[in-house]
Amino acid sequence: MSGSESKQQVRERIWHILDSKQAVATEAFGRIPNFHGAGAASNNLATLPQWRAATVVKANPDKPQAPVRELALATGKTLFMAVPKLAEAKPFYYLNPLLEEHPPREAATPVTASEYAPTVEVDQMKPMGHIDFIITGSVAVNPNGVRIGKGAGYADLEVAILTDAGLVDDRTVLATTVHDLQVLNEDLPEEQHDFRLDLIITPSKIIECPKSSRPYGLDWSRIPLEKIEAIPALAARRPS
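The structure reproduced in this document is the subject of the present report. (Residues numbered from 1 in each chain as written. Predicted model: local features only at pLDDT ≥ 70, side-chain atom pairs only at ≥ 80, totals over all residues. Heavy atoms only, no water.)

Another aspect to go through is the packing of aromatic side chains. In the structure shown here, the tally under the stated rule is three aromatic pairs. When the ring of Trp 15 is compared with that of Phe 29, the centres are 4.8 Å apart and the planes differ by 55°; the resulting orientation is tilted. Taken together, the residues Trp 15 in helix H1 (residues 7-20) and Phe 29 in the loop between H1 and helix H2 (38-46) connect sequence positions 14 residues apart. What makes Phe 29 partly exposed here is its relative accessible area of 45%. The residue whose ring lies beneath Lys 77 is Trp 51, and the NZ or CZ to ring-centre distance is 5.1 Å. Its end group placed over the ring of Tyr 154, Lys 227 keeps NZ or CZ at 5.0 Å from the ring centre. (Phe/Tyr/Trp six-rings, centres within 6.5 Å; stacked < 30°, edge-to-face > 60°. Helix = DSSP H or I, 4+ residues; strand = E, 2+ residues; numbered from the N terminus. Buried < 20%, exposed > 50% of the residue type's maximum accessible area, 1.4 Å probe, protein only. Lys NZ or Arg CZ within 6 Å of the ring centre and 35° of its normal.)

Here it is in structure tokens:
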């Protein structure tokens, strides 16, 4: 297969492979796959100097990245997790305060976060420091750093919002943890607003991707009005 496939065709191909090979803990289709070996991938991530040097981390809320969120909290990093679908006016959970009453594994879950974690606006994150490391979920990736998500576009919007705020820049490391079957040695479709990864971490290996240009900030001309109206953090920043 090649880059002539659409993103959705690639997603469906990978979801089918993962389900048929029983490489996931729950059905992959339509999701960021909850792959077997997520803990091992997190252990590999922990060995990286880029991770060890990071003090502020932003993570996605999906299950396969829970071990990474737990690792961040257990090693004293400041951790923000995106509110699912960016549905709140304050679109990021600040997870560190949960450690007063919850162990890292419990604090790293969306359920605990939704019940107990404070949410913060992007401007409230600035005093806590530059975001050194972003961990994101993926459906398919290639060694050049091209990434395909599950299709909703929230990961790209999160990075764009944080870039506009000056919290993400050339120093920020963009990484994903995935199953080995999700790494494809082929061209993948990508669009101008997509960001490329610096690191791909699987249960068996670490792939350092070629250095690429950093993601752009928000391109308002490409965001549908209905999406802007559905995401309070976008609506609040929309140019007049």
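Now that the structure has been shown, we can carry on.
Our next topic: the pattern of salt bridges. Taken as a whole and assessed by the stated rule, the structure comprises 13 salt bridges. Across the pair Asp 62 and Lys 150 runs a salt bridge, and its minimum N-O distance is 4.0 Å. Taken together, the residues span a long stretch of sequence, with Asp 62 in the loop between strand S1 (56-59) and helix H4 (66-74) and Lys 150 in the loop between strand S7 (147-148) and helix H8 (154-164) at a distance of 88 residues. Take Lys 150: its relative accessible area is 38%, and that puts it in the partly exposed class. One salt bridge connects Arg 105 with Glu 70, and the closest N-O pair in it is separated by 3.4 Å. Of the two residues, Arg 105 sits in helix H5 (residues 104-107) while Glu 70 sits in helix H4, which places them 35 residues apart along the sequence. (Salt bridge = Lys/Arg side-chain N within 4 Å of Asp/Glu carboxyl O.)

What follows concerns the sheet that holds strand S2 (residues 78-82). Strand order in the open sheet formed by eight strands is S4-S3-S2-S1-S5-S8-S9-S10, and the pairing between neighbours is mixed. Strands at the two margins of the open sheet, each flanked by one partner only, are strand S4 (119-120) and strand S10 (206-208). Pairing geometry for strand S5 (residues 133-136) and strand S8 (residues 173-177), over four bridges, is parallel. In the sheet register, Ile 135 faces S8, and the bridge partner there is Ala 175. Each of S5, S8, strand S9 (199-201) and S10 is contacted by H2, which is oriented at about 135° to S9, the strand it contacts most. Running over the sheet, H4 touches S1, S2, S5 and S8 and is turned about 150° from S2. (Pairing = 2+ DSSP bridges. Contact = heavy atoms within 4.5 Å. Axes fitted to C-alpha atoms, helices over the stretch in contact; angles between N-to-C directions.)

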